[in-house]
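Structure assessment
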Amino acid sequence: MRKGTLYVFTGPSGAGKGTVLGRLREQDDRLFYSISATTRAPRPGETDGVQYYFLTKADFEQRIAQGAFLEHARYVDNYYGTLEAPVDEKLAAGYDVILEIEVQGAMQVHKKRPDAVMVFIAPPSFEELAARLRGRGTESEEKIQKRLETAREELTHQGEFDYVIVNDEVERAVDEIRGILAARRA
Ligand code: 5GP
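What you are looking at is a predicted structure, and each value in this text was computed from that prediction instead of being measured.

What follows deals with the environment of tyrosine 52. For tyrosine 52, the location among the structural elements is in strand β4 (residues 52-54). Note: C-alpha distance between tyrosine 52 and serine 36 (16 residues apart in sequence) is 5.2 Å. Residue contacts for tyrosine 52: discarding those within four places in its chain leaves Ile35, Ser36, Ala37, Thr38, Arg40, Glu46, Thr47 and Tyr80.

What follows is the structure in structure tokens.
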């Protein structure tokens, strides 16, 4: 059986990675979406084992020590990471696996898995990014400022990716990603 392809989607918080990938997910059943682990608190409506595995700092650090992560990073005061075993199981079973992660983690995957397809999702502008983060209404202004600072740095890494998708309109961005998947599967 053909082994699946690993896709890494990154880009600043507020670029719309989640929205775009959510649309893609509705239309493609050969994709497996990796569920990350994090130490951040669940937002209203988030459930353990669905959006994330919500871990304590001690649990997360124990898994780092065990070498359980394909990649992990600190992002705005919390840890986020991808557990390696489920990713490899799904790839071996022929699924294409999608990681939606921040930039430092993406660069770690790029080093460890040179075959991974690297996609950067960019906002149409920095102002639009700030407006989207504020519009979400889930974070304090202080946290939003930290996310924006991080975003500025993250945006400088676009050139290191195989593809850059500007998310000015969700349907168009999803079409472009579908095109990438189709080309890789051909
Ligand atoms: P949020 O707190 O908004 O859910 O996520 C914050 C950032 O962490 C987003 O850019 C998100 O893509 C990223 N992220 C989510 N899961 C992971 C992961 O497993 N590893 C890394 N490196 N980043 C992640």
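Next comes the rest of the description.
We now examine the pairing of strand β5 (residues 69-75). The buried fraction of β5 amounts to 5 of the 7 residues, a majority that puts the element mostly inside the structure. Bridge analysis of β5 against strand β6 (residues 78-83) gives 6 bridges, and the strand direction is antiparallel. Across the sheet, tyrosine 75 pairs through a bridge with asparagine 78, a residue of β6. Between β5 and the antiparallel strand that follows it, β6, lie 2 residues; valine 76 among them carries a positive phi value of about 40°.

To continue, consider unusual backbone geometry. With a phi angle near 40°, valine 76 is a residue other than glycine that sits in the positive phi range. Along the chain, the position of valine 76 falls in the loop between β5 and β6. Even without being glycine, aspartate 77 reaches a positive phi, approximately 70°. With respect to the helices, strands and loops of the structure, aspartate 77 is situated in the loop between β5 and β6.

Calculation rules
- Residues numbered from 1 in each chain as written.
- Predicted model: local features only at pLDDT ≥ 70, side-chain atom pairs only at ≥ 80, totals over all residues.
- Heavy atoms only, no water.
- Helix = DSSP H or I, 4+ residues; strand = E, 2+ residues; numbered from the N terminus.
- Contact = heavy atoms within 4.5 Å.
- Buried < 20%, exposed > 50% of the residue type's maximum accessible area, 1.4 Å probe, protein only.
- Pairing = 2+ DSSP bridges.

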